[in-house]
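Below are the chains, spelled out letter by letter.
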Amino acid sequence: MSQRINYEKISPEGVKSLGSIYAYIEQCGLDKTLMELVYLRVSQINGCAYCLDLHMRALLRKNLSPVKLSLVGLWGEAGPIFSEREKAAFAWAETVTRISETHVPDEAFQAASAVFTEKELVDMTLAIGLMNAYNRLAISFRRVPQEAVLTESCGTTI
């Protein structure tokens, strides 16, 4: 697989605009590890290899257990591995990412509102929307995961 278009080079101002939203999310007060987990889950749902690789590496640098990370896609079956906030964030991320199917039902909003403040919920929804946008860019233009680049250049995996 090779990249179709280097969208950062072709539309630097557009990508920079997305970066402004990311910068806001980074300073808005939401827990950064929680947000990385949400980004990972959204990227799993969308099937974005580039973003999965990126966020998995970021979470490993934060010393999260590889076992915990492997269970993100099955968080509802993982028992006490994930906190109530993590579970609520995953549930919200899933319903918002699958909006054409779910239409974000009242029950999902009420469940998320029971765990997050209104500001946290709005900021998390901005972050989920941003990750969906990044996923769509990376998938559409076949951005190659770092692991693939490393494997190709040195013949090994990390």
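Criteria and cut-off values
Residues numbered from 1 in each chain as written. Predicted model: local features only at pLDDT ≥ 70, side-chain atom pairs only at ≥ 80, totals over all residues. Heavy atoms only, no water. Helix = DSSP H or I, 4+ residues; strand = E, 2+ residues; numbered from the N terminus. Expected span 1.5 Å × (residues − 1). Core = buried A, V, L, I, M, F, W, Y, C linked by side-chain atoms within 4.5 Å. Buried < 20%, exposed > 50% of the residue type's maximum accessible area, 1.4 Å probe, protein only. 1 Å grid on protein atoms, 1.4 Å probe; cavity = no way out; pocket = protein on both sides within 12 Å on 5 of 7 lines; lining within 4 Å. Points joined across faces, edges and corners; volume = space filled by probe spheres on them. Nonpolar A, V, L, I, M, F, W, Y, C, P; charged D, E, K, R; others polar.

Trainee: So what exactly am I meant to see when it comes to helix α9 (residues 118-140) here?
Mentor: Given 3.6 residues per turn, any residue in an α-helix points the same way as the ones three and four places further on. Over its 23 residues, α9 runs 33 Å from end to end, which matches the ideal 33 Å to within 8%, given 1.5 Å per residue. Of the residues one or two after α9, Arg-142 is the one with positive phi, at around 55°.

Trainee: For this particular structure, what's the right way to read the nonpolar core?
Mentor: The nonpolar side chains of soluble globular proteins are, as a tendency, buried together. Of all hydrophobic cores here, the largest spans 30 residues; its most connected members are Met-35, Val-38, Trp-92, Met-124 and Ile-128. Residue assignment for this core shows that the elements contributing at least two residues are α2 (12-27), α3 (32-46), α4 (49-61), α6 (84-97) and α9. Ranked by residues supplied to this core, first place goes to α9 with 9 residues. Counting 10 residues, the second-largest nonpolar core is a separate cluster that includes Leu-37, Leu-40, Leu-64 and Phe-82.

Trainee: What exactly am I supposed to notice about the layout of surface pockets here?
Mentor: Gaps between atoms show up when a probe of the same size as a water molecule is rolled over them. Counted as a void, the largest pocket has a volume near 280 Å³. As for the largest pocket, its lining consists of 14 residues, and the residues nearest its centre are Tyr-50, Leu-54, His-55, Met-131 and Tyr-134. Counting only elements with at least two residues in the lining of the largest pocket, the list comes to α1 (7-10), α2, α4 and α9. Broken down by element, the residue count for the lining of the largest pocket peaks at 6 residues, all from α4. In terms of residue class, the lining of the largest pocket is built from 9 nonpolar, 1 polar and 4 charged.

Function cannot be read off these values alone, since they describe shape.
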